[in-house]
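Residues per chain, in single letters:
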There are 2 protein chains.
Amino acid sequence: MPSKRSPNPTVDRMGRECLAMRTRLLSRTVTSVYDEALRPLGVTIGQLNILAVVAKRGPIAQGEVAQFLSMEKSTMSRNVERMRQHGWLRQAPGGAGRQVLLEVSGSGRRMLNRAAPRWSEAQAEVSALLGKRWADALHGAADTIWNKLAEK
Amino acid sequence: MPSKRSPNPTVDRMGRECLAMRTRLLSRTVTSVYDEALRPLGVTIGQLNILAVVAKRGPIAQGEVAQFLSMEKSTMSRNVERMRQHGWLRQAPGGAGRQVLLEVSGSGRRMLNRAAPRWSEAQAEVSALLGKRWADALHGAADTIWNKLAEK
DNA sequence: CTCCTTGTGTTGTATATACAACGATGGCGC
DNA sequence: GCGCCATCGTTGTATATACAACACAAGGAG
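Residues numbered from 1 in each chain as written. Chains lettered and ligands numbered in written order. Predicted model: local features only at pLDDT ≥ 70, side-chain atom pairs only at ≥ 80, totals over all residues. Heavy atoms only, no water.

S.K.: Describe the layout of surface pockets, naming the residues involved and giving the relevant values.
M.R.: Taken as a whole, the second largest pocket encloses approximately 510 Å³ of empty space. Contributing to the lining of the second largest pocket are 23 residues, with Gln67, Ser70, Leu149 and Ala150 of chain A together with Leu25 of chain B lying nearest its centre. Among the elements of the structure, helix H4 (62-69) and helix H7 (132-151) of chain A together with helix H2 (19-38) and helix H6 (106-130) of chain B are those that each provide at least two residues to the lining of the second largest pocket. Its residues assigned to classes, the lining of the second largest pocket comprises 11 nonpolar, five polar and seven charged. (1 Å grid on protein atoms, 1.4 Å probe; cavity = no way out; pocket = protein on both sides within 12 Å on 5 of 7 lines; lining within 4 Å. Points joined across faces, edges and corners; volume = space filled by probe spheres on them. Helix = DSSP H or I, 4+ residues; strand = E, 2+ residues; numbered from the N terminus. Nonpolar A, V, L, I, M, F, W, Y, C, P; charged D, E, K, R; others polar.)

Here is the structure:
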């Protein structure tokens, strides 16, 4: 039932089918589940993702982490600064030019281990919320996008 | 090939399978396509979504728009303020208590019509990027979440 | 060696998001 | 009427994100 107030049919679609609106809704909802689970630890899911990537692949250049996560370099820069202040990350020696090599500190590793069970709970909660079908689909969609971004 | 630096297997999963990371990646990537298409008009996809909802259902209470879009009331409040300054939205008479009833102005309607073709292009571009399978899946996943949120 | 270019990070500015605290409005019991 | 209370919106503060401009380092052209 198109509204009398939207003579332009595209405007109706903008309010119902917009993929940006949909992905943003998903992102907000899903993120809040993880952040709520992690709040007692004082870490956000974004920081935890960075920490996990550096733990797995470090010492690694800051920009490489950003590229892997498809994050803007400025977002990464400010996040890294906060995480260094928390003592979870530190700069490793080496790195060509202005590169900043990152590695996880002992306290960062402890944080990862403390966060792991809470992350698992959040992951399970979101999987249940979405159902297996849509959870798998999100992985597929994200993989597709990630691969396209990697081509460039 | 688990890293020697991640003795905790959950940490490996955190860096590869985290649904928050995935949805945030999707949201950032998809949003940027729309915002790039809309930049010449000086409107963001978030604002356009609000405008479309108010156009279709207005006059409507600000909080109702927030609920429909599952947005935080404070995010909505500040967005509405900017959009009022742009002259796209205005407060309609009526509304119980402190409710703010919103409606789209003439200039808001013109913005919607100018933005419509660009929105369609962006929507097509993202659909092509994802492929029909994953684009449909995003709708399914978002619908599922939206319905769960509506139950509460 | 000097200049230029390129790669990498940082900083400025604006919007988006979340949570908590506050403020305002009107209803309701009495 | 008065005070309590529930609802709704705004404001404070912090993080997340994006884009542009800048800063810095290294290497190459000449």
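S.K.: Account for the sheet that holds strand E3 (residues 101-104) of chain B, with residues named and values stated.
M.R.: In sheet architecture, strand pairing relies on hydrogen bonds along the backbone and comes in two forms, parallel and antiparallel. Residue and element names in this part refer to chain B. Taken in spatial order, the three strands of this open sheet run E1-E3-E2, and their pairing is antiparallel. With one partner strand each, in any of the chains shown, strand E1 (60-61) and strand E2 (89-92) form the two edges of the open sheet. By the bridge criterion, two bridges tie E1 to E3 in an arrangement that is antiparallel. Among the inter-strand pairings, alanine 61 is bridged to a residue of E3, identified as leucine 101. (Pairing = 2+ DSSP bridges.)

S.K.: Would you mind going over the protein's contact with DNA strand D in detail, with residue names and values included?
M.R.: DNA strand D sits among 22 residues. The nearest are Ser74 and Arg98 of chain A together with Gln62, Ser77 and Arg78 of chain B. The sugar and phosphate moieties of DNA strand D supply 58% of its atoms located within 4 Å of the protein. At 3.1 Å, a side-chain N or O of lysine 73 of chain B approaches a base oxygen of DNA strand D. Listing elements by their share of the surface near DNA strand D, those giving two or more residues are helix H5 (73-86) of chain A together with H2, helix H4 (62-69) and helix H5 (73-86) of chain B. Its residues assigned to classes, the surface near DNA strand D comprises two nonpolar, 10 polar and 10 charged. (Near = heavy atom within 4 Å. Polar contact = N/O pair within 3.5 Å; in protein donor to acceptor, adjacent residues only side chain to side chain.)

S.K.: Could you give an account of the nonpolar core, with specific residues and numbers?
M.R.: If you look at the biggest cluster of nonpolar residues, it comprises 98 residues, and the most contacted ones within it are Tyr34 of chain A together with Tyr34 of chain B. When near neighbours in sequence (up to four residues on either side) are disregarded, tyrosine 34 of chain A contacts Ile45, Trp119, Ala122, Gln123 and Val126 of chain A together with Cys18, Leu19 and Ala20 of chain B. (Core = buried A, V, L, I, M, F, W, Y, C linked by side-chain atoms within 4.5 Å. Buried < 20%, exposed > 50% of the residue type's maximum accessible area, 1.4 Å probe, protein only. Contact = heavy atoms within 4.5 Å.)

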